[in-house]
Amino acid sequence: MAGRGAGPDFVESLARGLDVLACFDADHRSMSLSEVAAAAGLARPTARRLLLTLEELGFVRSTAGAFQLTPKVLTLGMAYVGALGLWDIARPHLEALVARTGESSSMAQLDGSDIVYVARVSVPKIIALRVDIGTRFPAAQTSQGKVLLAGLSPDELEETLAQPSRAGLPAYIGRSAEQLREQLTEIRARGWALADEELAPGVRSVAAPVRDGTGTVQAAMNVTVHAAETSTEKLLTDYLPLLLRTAGDVSAEWALWQSRPHVELDRPSSSRDSAPA
């Protein structure tokens, strides 16, 4: 459920509507009114009003008493990605990287203690976990997440790791909190991160940071392979140099895009607009 604010301008009904949208995921694609009410912690009449409102807005559809999200929900996330300008810049670079490696590549950003995928170019290979735009994983168990965590200040890192994951996956028990911090220090120094079957068996990946015009790490880009097909040595020797170059190119172009001169002017009034009635 969405966090509850204490400020005088907090809109409870909006938060409840977002709770309803967040109930749906890969394991709950279609839900009854009772299931939505229970998942969102709402009374049935409240859940019903919210669902009907979302249906009228086009974000939800109902069939035979069950509710599903519609593709219009994607506009909420893509508005964010589009506003960054990052996808348009990254797409040709991701496609070129995938063409050279024959492996899938993605970009992700931090959301609390999780990463969320914001861009992806994939190849048809069997991987233990399905990844789509908007997929969420615990940051500390992924190469991208470790790159992003390594880019935080000590206070930011402490605050981020204290937040519970919303990915719905079991916590990784192969490393202590102190070992994670030591690993992040090493990642910060060398500029890339490896995750070797930490997220799921058979999933191995390497990631590099994507920086904005100020040099701040804002996203991470990875190459993901199947551990049975690609050794760690091949991943680091053959694919990592290509990834680092690609992430650097995206960072440089993104910095240029952010520094572009941009001024919005009011549309001048025409003579007809200014003529007296």
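The rules we used
Residues numbered from 1 in each chain as written. Predicted model: local features only at pLDDT ≥ 70, side-chain atom pairs only at ≥ 80, totals over all residues. Heavy atoms only, no water. Helix = DSSP H or I, 4+ residues; strand = E, 2+ residues; numbered from the N terminus. Expected span 1.5 Å × (residues − 1). Buried < 20%, exposed > 50% of the residue type's maximum accessible area, 1.4 Å probe, protein only. Arc of directions from axis to C-beta. Contact = heavy atoms within 4.5 Å. pLDDT = per-residue confidence, 0-100. Core = buried A, V, L, I, M, F, W, Y, C linked by side-chain atoms within 4.5 Å. Phe/Tyr/Trp six-rings, centres within 6.5 Å; stacked < 30°, edge-to-face > 60°. Pairing = 2+ DSSP bridges. Axes fitted to C-alpha atoms, helices over the stretch in contact; angles between N-to-C directions.

Quick look at helix α3 (residues 44-57) now. Spanning 14 residues, α3 covers 20 Å between terminal C-alpha atoms, matching the ideal 20 Å at 1.5 Å per step. Regarding α3, the residues found buried are T46, A47, L50, L51 and L54. For α3, the angular spread of buried residues about the axis comes to 130°, placing them on one side. α3 presents R49 and E56 as exposed residues on the side facing more than 90 degrees away from its buried surface. The inward-facing, buried residues of α3 abut α1 (12-23), α2 (33-40), β2 (60-63) and β3 (66-69). Positioned one or two residues after α3, G58 has a phi angle of 95°, which is positive.

In this section: the confidence of the model for the protein. Scored by pLDDT, the protein comes out at a mean of 85, with 87% of its residues at no less than 70. Confidence, read as mean pLDDT per element, is least for helix α10 (residues 271-274) in the protein (49) and greatest for helix α6 (residues 143-150) (96).

Before going further, it helps to examine the nonpolar core. Among the nonpolar cores identified, the biggest contains 27 residues, and M107, V210, M221, V223 and L243 are the most heavily contacted of them. At the level of secondary structure, the elements contributing two or more residues to this core comprise α5 (86-101), β5 (114-121), β8 (203-211), β9 (217-226) and α9 (232-258). In terms of residue count, the dominant contributor to this core is α9 (eight residues). The next biggest cluster of nonpolar side chains, apart from the first, holds 21 residues, and it includes V131, A140, V147 and I187.

Evaluated as defined, the whole model comprises one aromatic pair. Seen from their ring centres, Y117 and F137 are 5.9 Å apart, and the 90° between their planes marks the pair as edge-to-face. In this pair, Y117 sits in strand β5 while F137 sits in strand β6 (residues 136-138), placing the two residues 20 residues apart along the sequence. An identical accessibility class is assigned to Y117 and F137; each is buried.

Our next topic: the sheet that holds β5. Here we have six strands laid out as an open sheet, ordered β6-β5-β4-β9-β8-β7, and antiparallel in their pairing. At either margin of the open sheet sits one strand with a lone partner, and together these are β6 and β7 (193-196). Ignoring strand direction, the axes of neighbouring strands in this sheet form an average angle of 35°. Where β5 lies against β6, three bridges are found, and the strand directions are antiparallel. Along β6, the bridge assignment pairs D114 with P138. α5 contacts β4 (104-111), β5, β8 and β9 of the sheet and is inclined by roughly 145° relative to β4.

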